[in-house]
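Here is what each chain is made of, one letter per residue.
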Amino acid sequence: MVKLFALSVFFKGASEARILKTASDLQSFSFFQRSTVNEFMTFASKTIVERTQPALRQSVKQDAYMCHVYVRADNLAGVLIADHEYPHRVAHTLITKILDDFTAKVSADQWPNGTEATIAFDLLPAFLSKYQNPVEADPLTKMQNDLDETTIILKNTIEAVLERGEKLDDMVNKSEKLSIQSKAFYKTAKKTNSCCSFT
Amino acid sequence: MEEDMEVDLNNEKRVLCEKIIRDINAVFVKDADLASFEIIPKETNCNKSPVVHVEHNLGLESWCAQHVYDHAHRTLILHRRQTLQQQLRTLQQQQQSDALAKYLNVALLINPDVTTFWHIRRQLVQKNRLSINKELQFSALVLSIKPKSNEAFAYRRWLYSFQSADAIDWPNEISICERSADRCASNYHAWSHRQWVLRSGPCLLQSELLRTEKFLRKHISDYSCYHYRQVLLARAYELCFFMPNGESQPQLASLLDLLAEYGLSCEPNTEALIQLLLPNMNRSAVSGQRLRSFLYCCNVAAYDMRLCLEQRALYGPRDCFELHRRAALKFIVDQCVRLQTGLADEHYQLPAHTAAAANELQSQLNKFDYGRHPFLEAVRQAESALGCKHQRWCNLHLQFAYPVPEAPQRN
């Protein structure tokens, strides 16, 4: 399936990444899973931004999902979660475009302390629905021919992005952003290795 | 003493299961538009009802699912073991028909694979104890938790056998197939159910062509959809289908593009196209409707060939694109040969329908002199550029007779 699940913009601070804006389309998940999936997508996005050096692009595979991230040199970061069939090049072009638009609308001094409520940037849902069809991005990819695909670092699991000694299970357990319900979900999904497991 | 406690515990569990089943039944009664059921992972009992009902979605917490299923299963099997006499007696005693339905609902939602339970439902429908509409709704609910449930699709077909074709909501049936196929890749049961709809329902060809295109642009490597599209195309040809305002040119644009790709130029009108594609045909033997349908279907096939190339450019090479392009190419070549050799009578049969017809086509392909046919010769020239694997396929299925390099000798 060619599908975009979530788009988000982060500011990568000294100690942690700060979420500035996010949008997601989780219609393809069953009803009671959606909130959990949403939490995990945010959790995974944040984790990956924190583990990505500035001025770097990464694409991290996890189960059936692809998490594309770009942290700019000025610490503004964009994350796009798609399924693995969504073209990588298009994904990264799209992130660049979102970050450009974001910079144009929101001045840099708001980034370090902004929250989802204070940042005025409402384009993400429109992007999310328009670019479900990657063909829509064709003019964009033509414009940004400078995006060199070889600079995108491919990682096969989230574990590969983590720093030495870190374990995903521990992080899930410790996280305060994940509800008890989501943690239970994570455990069950891991146990049954079902297709709905997210991280 | 210990035994007593065990009995108590069992009793307590039974009462709890009964209560949960009652709760679920209450949701069924209250909400006529239930859209989905799922089991919510939750390992411990938090001392509140495990039945969750939000916005027409029903959830059951996982900790109790096993016990509830065991209980419902036991009750139903017990009922089956009773003799008819006993069943009648208990039935009279406590109006057991809906009681039975409530166990059946729970058991099948948790485990949709038990044919026996579906069979009990059929018996109840036949005795008029379950309404057909409610049953259609229930089977759709089962498909929300298990989109690949063949039992549920088969049950729907069985239910429809009691209704007249006009009374059936065919577009809804298509949506159910589409939703199930969207949830689960390579969903054989959903796509074969859709073929059944195509055969039994009204003419849905035009809308189906549009819907499947949308679907395969999204599910690029789910070959089931491509195959269904091939079935659609064959069906359209079989029914002599074409768009009523078939004379307008844009409808044949894809076919003209394809010809241009093969280096053939053609006046954009029906007559010129037929001259080019079927130069040696005996016109008196073929009806105008057949020819128009031929052009329409070839145009769809040409459109698909182009689509596959575009998809390949966007997503990189994939088996689906290659295979579907071949299938479309084979359709065009086959129909050209058929019409020119007089194989196609008015009652065109799907090639797969009879082995004899397939053999006959094969022998005609064998004898066919591509050199005398500018279009097919151009196809033959152009396709040879696509590599030796493709050449081998063409030799095998289209009898293009490319010279084959000697296969390395195996010892």
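Residues numbered from 1 in each chain as written. Chains lettered and ligands numbered in written order. Predicted model: local features only at pLDDT ≥ 70, side-chain atom pairs only at ≥ 80, totals over all residues.

1. Observations concerning the overall build of chain A
Tallying secondary structure elements over chain A gives six helices and six strands in all. In chain A, the succession of helices and strands from N to C terminus is β-β-α-β-β-β-α-α-α-β-α-α. Dimensions of chain A, computed from the C-alpha atoms along their principal axes, are close to 45 × 35 × 30 Å. Here the contacts in chain A between residues at least 6 apart in sequence split such that 59% fall between residues at least 24 apart. (Helix = DSSP H or I, 4+ residues; strand = E, 2+ residues; numbered from the N terminus. Contact = placed C-beta atoms within 7 Å.)

2. Some thoughts on the interface of chain B and chain A
You'll often see interface size given as the accessible area lost when the parts meet. Across the contact, 15 residues belong to chain B and 12 residues belong to chain A. Ranked by the residues each element gives to the side of chain B that touches chain A, the list is headed by strand 1 (residues 36-40) of chain B, at three residues. Its residues placed into classes, the side of chain B that touches chain A shows five nonpolar, six polar and four charged. (Nonpolar A, V, L, I, M, F, W, Y, C, P; charged D, E, K, R; others polar.)

3. Looking at the packing of helix 6 (residues 132-145) of chain B against helix 7 (residues 150-160) of chain B
Residue and element names in this part refer to chain B. Taken N-terminus to C-terminus, the directions of helix 6 and helix 7 make an angle of 160°; their axes are 9 Å apart at the nearest point. Judged by the angle between their axes, helix 6 and helix 7 are roughly antiparallel. The hand of the helix 6/helix 7 crossing is left-handed. Across from Ile132, Glu135, Leu136, Ser139, Val142 and Leu143 in helix 6, the residues of helix 7 making contact are Ala152, Tyr155, Arg156 and Leu159. In terms of residue class, the contact of helix 6 with helix 7 is made up of seven nonpolar, one polar and two charged. (Axes fitted to C-alpha atoms, helices over the stretch in contact; angles between N-to-C directions. Parallel < 35°, antiparallel > 145°, perpendicular 65-115°, else oblique. Left-handed = near helix turned anticlockwise from the far one by under 90°.)

4. Structural notes on unusual backbone geometry
Residue and element names in this part refer to chain B. Positive phi values are uncommon outside glycine, yet Asn128 reaches one of about 65°. Considering the arrangement of structural elements, one finds Asn128 in the loop between helix 5 (115-126) and helix 6. The exposure class assigned to Asn128 is exposed, which follows from the 9 C-beta atoms found within 10 Å. Phi at Ala401 takes a positive value of approximately 50°, unusual for a residue other than glycine. Topologically, Ala401 is positioned in the segment after helix 18 (388-398). (Buried ≥ 20, exposed ≤ 12 C-beta atoms within 10 Å, placed from the backbone.)

5. A few points about the sheet that holds strand 4 (residues 65-71) of chain A
Residue and element names in this part refer to chain A. Pairing in this open sheet of six strands is mixed, and the strands run 2-1-5-4-3-6 from one edge to the other. Looking along the sheet, the strands with just one partner apiece sit at the ends: strand 2 (17-24) and strand 6 (152-155). Recorded for the sheet is a direction-independent mean angle of 20° between the axes of neighbouring strands. Together, strand 1 (4-12), strand 2, strand 3 (56-62), strand 4 and strand 5 (76-83) form the strand contacts of helix 1 (residues 34-50), whose direction differs from that of strand 2 by roughly 140°. Packed onto the sheet, helix 2 (residues 88-105) meets strand 1, strand 3, strand 4, strand 5 and strand 6 and runs at close to 145° relative to strand 5. (Pairing = 2+ DSSP bridges.)

6. Digging into the confidence of the model for chain B
Residue and element names in this part refer to chain B. Chain-level statistics for chain B give a pLDDT mean of 86 and a share of 91% at 70 or above. Taken element by element, chain B is modelled with least confidence in helix 3 (residues 84-94), mean pLDDT 66, and with most confidence in helix 7, mean pLDDT 96. In this model, residues 346-352 is a region of pLDDT below 50 whose contacts with residues beyond four sequence positions or in other chains number 11 contacts. Scoring of the predicted complex yields 0.87 for pTM and 0.83 for ipTM. (pLDDT = per-residue confidence, 0-100.)

7. Here we look at the environment of Phe43(A)
Note on placement: Phe43(A) falls in helix 1. Ignoring anything within four residues of it in the chain, the contact list for Phe43(A) reads Ser175(A), Lys177(A) and Leu178(A).

8. With respect to the sheet that holds strand 2 (residues 51-54) of chain B
Residues and elements named next belong to chain B. Here three strands make up an open sheet; going across it, the order is 1-3-2 and the pairing mixed. What marks the edges here is a single partner per strand, and that holds for strand 1 and strand 2. The mean angle between the axes of side-by-side strands here comes to 20°, regardless of whether they run parallel or antiparallel. Direction of pairing for strand 1 relative to strand 3 (residues 57-61): parallel, over a ladder of five bridges. Looking at strand 3, one finds that Phe37 is bridged to Leu58. In the packing of helix 2 (residues 62-81) onto the sheet, the strands contacted are strand 1 and strand 3, and the crossing angle to strand 3 comes to about 85°.

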